[in-house]
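Topology and contacts: notes
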Amino acid sequence: MAAQEMDNSTTWGKELWDQFDNIATHTQKGIDFIERFGGFIRDRSAIEVEYALKLRRLVKNYQPKKSKEDEENEFSSLIAFKNVLKEVADLAGQREVVAENLQNQVLQGILLLAKNLREERKKALNQGATLTQSLHTQIGTLDRAKRSYEKAFREAEKAIESYHKADADFHLSRADVEKQRVNMNIRNSQSEDAKSEYANQLQITNKQQQQHYQIALPEVFNRLQELDEKRTRGMKEFIKRSADVEYEVSPIIAHCLEGIVKAADSINEKDDSMIVIEKYQSGFQPPGDIPFEDLSKPDPDAANNSQTHNSSTGLNHMTGKGTTKDKLKKRVGIFGIFTGNKKILEACINVKNNLSTDGLKEDFSDLPPTQRRKKLTAKVQELQQKVAQEQAASDGLMKMKGVYEANSMLGDPRTVEEQLNESVNRLDRLRHELLRYQKLLEQANNQSFIQHSPQSNRVIQNGQRSSRHSNGSSNHENSHEDNGEDHPDDAGSLSRSASESSVQQAQNGLNINNNGSASPESGLGTSHTSLPGSGQGSTNEQPMNEEFYEADTPLGTCRALYPFDATSEGSIPMSEGEELQVIEVDQGDGWTRVRRFSSKGWEEGFVPTSYIECTLYA
């Protein structure tokens, strides 16, 4: 039917009636070509899958690590980058969709079409071969009939010639002549029969040949032509379908690209700069001008310190390992705090700092003022939320208990009493903790903002380093009235805590002997830090506490890389991985002054600089 619809002037059956072998070869090449196109689609689909896989692996490898601190203060560039990674992951998903559609909608269709074409071609070629073989058989029959006719005709001619010769020969008898006539008639009859058979076979062959070349074989060729055109048309459709697969996901890909551009537009360098300020602002004020020290004028404070130094019995030999005598004046107060019972000191070594899960103290006293207020505010908000949740749970239990008491059929009120008691206890603990942190926050907010950075609150006085307090004045300016008594050097006193709470903790941990002097556990010596006007039996310790806490602000923190056993006076032992506060950096003698807080109070001393890893405040 399809062959009849074709234009007869352009059909293979008419134009290529004698090209059976070439048509067979051409159709085979066409099927091989579309199968090769199917291989192209299959390989492209594999590339799309591999591309999507590599995109997902790329997104996974570059996914920023989650941090609670980063989540609170995320930079716009980091947020934009995370959004870019999401869009790239979506792009990977679209490439997977492309690969899947290419396989299901294009490749499967190509393989099915190639299979059908191969089967149809085989049938057509078998039919064409059958028709050709039948025609060749008929032509062979015709050839045999022709040869028989030719042979019979020649024999008939010979018989006629023999008869005419015998009839003209008067020497032959009538019987011989009659015999030749009979033979001539027989040969003529055979010749006529062969001629008739030849004519008949010729008619049959011509008819079959006409049928073969005009109807039967053109139909086969037209079917092969239709098959090849179907293959070409399928090639066209599958190419367009592969493009449609891309078109279907292009809106989503365009949306992903728009998301990437939107993520880029969301980056705000000013906001990121403000986040850096919020993240690292310490709250300290820059230091004031360094005063000019006229060395030609006598320094009464230096004279008092010299008198104090000379009045200390046996103090010259109390230098720590690697500490020179020139630095004795600065560090003598530290060396004097370890002259007590070493057994008590060793008992305090293993007491760990009271740290929270994030490595900071529970009151955040080791943070700069601004950062401490932020942490305390976040802690208060967290506790307020917990209190509200626990209060709601407690109210729910109270209502349930009231319902059970009003109607015992609904339940036994005693079943919720235990849960209610536990909820009330948890609520009391949370409220107590909330009140504690609210007080810490109030104290932090009431602190003066006029504080100097720990890195810049040291000035040079009389050729030696001396610490400045948080109010910017030196120890000499802030010391007690000089009535002739000794005053310890500021470098020998312990650092002030960053908050009043830590001060209170230190006061609670300070052990006072019965004779009124500070014990070694408190971190104070008995020979050098005695109060002005007080003897060994004095019980007025308030001036000593003031001097004790008017000390250096921590310069930073450090972590012990190796364990260290104190073998000399003034040094402090530490265990590997222990966190300590740095209150004085290495002065070139290989020792760093540190402190830590334990259940016995503050401990201070020197450790080898090479044994620790320091992190100073910015």
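All values derive from a computational prediction rather than experimental measurement. (Residues numbered from 1 in each chain as written. Predicted model: local features only at pLDDT ≥ 70, side-chain atom pairs only at ≥ 80, totals over all residues. Heavy atoms only, no water.)

With that settled, consider the environment of glutamine 587. Mapped onto the fold, glutamine 587 is located in the loop between β4 (579–584) and β5 (591–598). For glutamine 587, a relative accessible area of 22% corresponds to the partly exposed category. Of the polar contacts made by the side chain of glutamine 587, one reaches the backbone oxygen of valine 585; its length is 2.9 Å. (Helix = DSSP H or I, 4+ residues; strand = E, 2+ residues; numbered from the N terminus. Buried < 20%, exposed > 50% of the residue type's maximum accessible area, 1.4 Å probe, protein only. Polar contact = N/O pair within 3.5 Å; in protein donor to acceptor, adjacent residues only side chain to side chain.)

Per the counting criterion, the structure on display carries eight aromatic pairs. Consider the rings of tryptophan 17 and tyrosine 213, whose centres lie 5.3 Å apart with planes at 90°: the pair is edge-to-face. Of this pair, tryptophan 17 sits in the loop between α2 (12–15) and α3 (20–61) while tyrosine 213 sits in helix α6 (residues 174–265), placing them 196 residues apart in sequence. Take tryptophan 17: its relative accessible area is 42%, and that puts it in the partly exposed class. Ring centres of phenylalanine 564 and tryptophan 591 lie 6.1 Å apart, and the angle between their planes is 70°; on these two criteria the pair is classed as edge-to-face. Note that phenylalanine 564 is positioned in the loop between β3 (556–560) and β4 and tryptophan 591 in strand β5, a separation of 27 residues in sequence. Of the two residues, phenylalanine 564 and tryptophan 591, both sit in the buried class. Through a chain of ring-to-ring contacts, three or more aromatic side chains come together here, namely Tyr562, Phe564, Trp591 and Tyr611. Cation over ring: arginine 436 sits above tyrosine 437, and NZ or CZ is 5.1 Å from the ring centre. (Phe/Tyr/Trp six-rings, centres within 6.5 Å; stacked < 30°, edge-to-face > 60°. Lys NZ or Arg CZ within 6 Å of the ring centre and 35° of its normal.)

Further remarks concern the confidence of the model for the protein chain. For the protein chain, the mean per-residue pLDDT works out to 74, and 70% of the residues sit at or above 70. Predicted confidence is poor over residues 305–354, with pLDDT under 50, and the contacts of this stretch with residues over four places away or in other chains come to 103 contacts. Every residue in residues 448–551 is under pLDDT 50, and counting partners more than four places away or in other chains gives 239 contacts. (pLDDT = per-residue confidence, 0-100. Contact = heavy atoms within 4.5 Å.)

It is worth spelling out the pattern of salt bridges at this point. Under the counting rule described, the total for this entry stands at 22 salt bridges. Glutamate 246 is the partner of arginine 95 in a salt bridge, and the nearest nitrogen-oxygen pair spans 3.1 Å. Of this pair, arginine 95 sits in helix α5 (residues 76–168) while glutamate 246 sits in helix α6, and the two are 151 residues apart along the sequence. Overall, the relative accessible area of 13% leaves arginine 95 in the buried class. Overall, the relative accessible area of 22% leaves glutamate 246 in the partly exposed class. Residue glutamate 382 is joined to lysine 386 by a salt bridge in which the shortest nitrogen-to-oxygen separation is 3.3 Å. (Salt bridge = Lys/Arg side-chain N within 4 Å of Asp/Glu carboxyl O.)

As a further point, take the nonpolar core. One finds Ile34, Phe37, Ile41, Leu102, Val106, Ile110 and Phe238 to be the most contacted residues of the largest nonpolar core, which totals 20 residues. For this core, the elements supplying multiple residues, two or more each, are α3, α5 and α6. Looking at which element gives the most residues to this core, the answer is α5, with nine residues. When neighbours within four sequence positions are excluded, isoleucine 34 is seen to be in contact with Ile110, Leu113, Ala114, Arg231 and Met235. (Core = buried A, V, L, I, M, F, W, Y, C linked by side-chain atoms within 4.5 Å.)

This next bit is on the side chain of glutamine 201. Note that glutamine 201 resides in helix α6. With residues up to four places along the chain from it excluded, the contact list for glutamine 201 reads Gln138, Thr141, Leu142 and Ala145.

Quick look at the side chain of serine 191 now. Along the polypeptide, serine 191 turns up in helix α6. Serine 191 sits in the buried class, given a relative accessible area of 6%. Contacts of serine 191, omitting those with residues within four sequence positions, involve Tyr149, Ala152, Phe153 and Ala156.

On to the packing of helix α11 (residues 369–406) against helix α12 (residues 414–446). One way to put it is that α11 packs onto α12 with a least axis distance of 8 Å and a crossing angle of 155°. Classed by the angle they form, the pair α11 and α12 counts as roughly antiparallel. Crossing handedness for the pair α11 and α12: left-handed. For the contact of α11 with α12, the per-class residue count stands at 19 nonpolar, nine polar and ten charged. (Axes fitted to C-alpha atoms, helices over the stretch in contact; angles between N-to-C directions. Parallel < 35°, antiparallel > 145°, perpendicular 65-115°, else oblique. Left-handed = near helix turned anticlockwise from the far one by under 90°. Nonpolar A, V, L, I, M, F, W, Y, C, P; charged D, E, K, R; others polar.)

Looking now at a nonpolar patch on the surface. Together, Leu58, Tyr62 and Phe81 make up an exposed nonpolar region whose accessible area comes to about 300 Å². One can find leucine 58 in helix α3. (Patch = residues over 30% accessible without salt bridge, like charges linked within 9 Å, V, L, I, M, F, W, Y side chains within 5 Å. Areas by Shrake-Rupley, 256 points an atom, 1.4 Å probe, with all protein chains shown as cover.)

Working definition: the strands of a sheet are paired by backbone hydrogen bonds and lie parallel or antiparallel to each other. If you walk across this open sheet you meet the five strands as β6-β5-β4-β3-β7, and the pairing is antiparallel. Of all strands in the sheet, those bounded by a partner on one side alone are β6 (601–608) and β7 (612–616). Neighbour-to-neighbour, the strand axes of the sheet open up by a mean angle of 35°, direction not taken into account. The pairing of β4 with β5 spans three bridges and is classified as antiparallel. Bridging from a neighbouring strand, glutamine 581 pairs with arginine 595 of β5. (Pairing = 2+ DSSP bridges.)

Counting buried positions along β6 yields eight of eight residues, so the element is predominantly enclosed. Direction of pairing for β5 relative to β6: antiparallel, over a ladder of eight bridges. Residue pairing across strands places arginine 595 opposite glutamate 604, the latter belonging to β6. Hairpin connection, β5 to β6: the antiparallel pair is bridged by two residues.

Relative to the 138 Å expected for 93 residues at 1.5 Å per residue, α5 spans 133 Å between its end C-alpha atoms, a close match to the ideal helical length. Along its length, α5 shows its largest kink, about 35°, at glutamine 103. (Expected span 1.5 Å × (residues − 1). Bend = angle between axes of the 7 residues up to and from the residue.)

Another point: the state of the cysteines. Two cysteines form a disulfide when their sulfur atoms are joined by a covalent bond. One pass over the full model with this rule turns up zero disulfides. Not engaged in a disulfide, the cysteine cysteine 558 finds its nearest cysteine sulfur in cysteine 614; these two sulfurs lie 5.0 Å apart. Its relative accessible area of 38% is what places cysteine 614 among the partly exposed residues. (Disulfide = S-S within 2.5 Å.)

Time to look at the environment of lysine 82. Looking at where lysine 82 falls in the secondary structure, it is placed in helix α5. Residues lysine 82 and alanine 263, 181 residues apart in the sequence, show an inter-C-alpha distance of 8.7 Å. Every residue in contact with lysine 82, bar those within four places of it in the chain, is listed here: Pro64 and Glu74.

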